[in-house]
Amino acid sequence: MAEFNTFIKERGDINIINLKGYLDAHTAPTLENNFTELINNSKFKIIVNFEELAYISSAGLGVFMAYIENIRDNKGDIKLSNMSDKVFNIFDLLGFPLLYEIYKSEEEAIKKFSGI
């Protein structure tokens, strides 16, 4: 089984989930747990950094769809950053750029949340 792990860091009221490895049906529950924990702690400004993500499957994409409505209902958002071309192409193919803001860098996403 491919390895996957996450690491969450805080920048003020923004939480950044860093992804590493392969996000698929076997590893998706790890990311689901991250989103559930943040929501349960009323943390709705979330950036997901894809810099170290090597692969994402449809099950991995589904995790984002499962939580976005709840987060936006609570005046938050999920912004995506640091995608490789390979990962971005998968998101693009499925129309995700119409639903999510995708940034080249984590700093750009943070500035967008900060209203700068």
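Heads up: the structure comes first, above all this text.
Residues numbered from 1 in each chain as written. Predicted model: local features only at pLDDT ≥ 70, side-chain atom pairs only at ≥ 80, totals over all residues. Heavy atoms only, no water.

**Side note on the overall build of the protein chain**
Scanning the protein chain from terminus to terminus reveals four helices and five strands. The order of α-helices and β-strands along the protein chain, N terminus first, is β-β-α-β-α-β-α-β-α. Its C-alpha atoms give the protein chain a radius of gyration of 13 Å, near enough to 13 Å, the size a compact globule of 116 residues would have. Dimensions of the protein chain, computed from C-alpha atoms along their principal axes, come out at roughly 35 × 25 × 20 Å. Counting across all 116 residues of the protein chain, residues that qualify as buried make up 43%. (Helix = DSSP H or I, 4+ residues; strand = E, 2+ residues; numbered from the N terminus. Rg over C-alpha atoms; globule rule 2.2 N^0.38 Å. Buried < 20%, exposed > 50% of the residue type's maximum accessible area, 1.4 Å probe, protein only.)

**Digging into the sheet that holds strand β2 (residues 14-23)**
The mixed open sheet is built from five strands, whose spatial order is β1-β2-β3-β4-β5. With partners counted over all chains shown, the strands left at the sheet margins are β1 (4-11) and β5 (101-103), one partner each. On average, each strand axis in the sheet is tilted by 25° relative to the strand beside it, whichever way the strands run. Against the sheet, helix α4 (residues 106-114) touches β1, β2, β3 (45-56), β4 (77-81) and β5, its axis set at about 160° to β3. (Pairing = 2+ DSSP bridges. Axes fitted to C-alpha atoms, helices over the stretch in contact; angles between N-to-C directions. Contact = heavy atoms within 4.5 Å.)

**What to know about the packing of aromatic side chains**
Applying the stated criterion to the full structure yields nine aromatic pairs. Considering the side-chain rings of Y22 and Y55, the 6.0 Å spacing of their centres and the 35° angle between planes classify their relative orientation as tilted. Taken together, the positions of Y22 in strand β2 and Y55 in strand β3 put the pair 33 residues apart, joining distant regions of the chain. Since its relative accessible area comes to 34%, Y55 is described here as partly exposed. Note on F64 and F91: the rings are 6.0 Å apart at their centroids and 70° apart in plane angle, and the pair reads as edge-to-face. With F64 in helix α2 (residues 58-73) and F91 in helix α3 (residues 85-93), this pair connects stretches of sequence that are 27 residues apart. Like F91, F64 is buried. Taken together, the ring pairs connect F35, F50, F64, Y67, F91, F96 and Y100 into an aromatic cluster. One Lys or Arg, K79, reaches over the ring of F113 and ends 4.6 Å from the middle of that ring. (Phe/Tyr/Trp six-rings, centres within 6.5 Å; stacked < 30°, edge-to-face > 60°. Lys NZ or Arg CZ within 6 Å of the ring centre and 35° of its normal.)

**Let's talk about the side chain of N82**
With respect to the element layout, N82 can be found in the loop between β4 and α3. Using a relative accessible area of 16% as the deciding quantity, one classes N82 as buried. Only 3.0 Å separates the side chain of N82 from the backbone nitrogen of E106, close enough to count as a polar contact. Once residues within four sequence positions are removed from consideration, N82 is found in contact with N49, F50, E51, Y103, K104, S105 and E106. (Polar contact = N/O pair within 3.5 Å; in protein donor to acceptor, adjacent residues only side chain to side chain.)

**Overview of the pairing of β2**
Burial runs high along β2: eight of the 10 residues are buried. Both β1 and β2 contribute to a ladder of eight bridges, which runs antiparallel. Bridge pairing links R11 to I14 in β2. Since β2 and β3 lie parallel, the crossover through helix α1 (residues 28-40) that links them has a hand, and here it is right-handed. (Right-handed = clockwise from strand over helix to strand, strands pointing away.)

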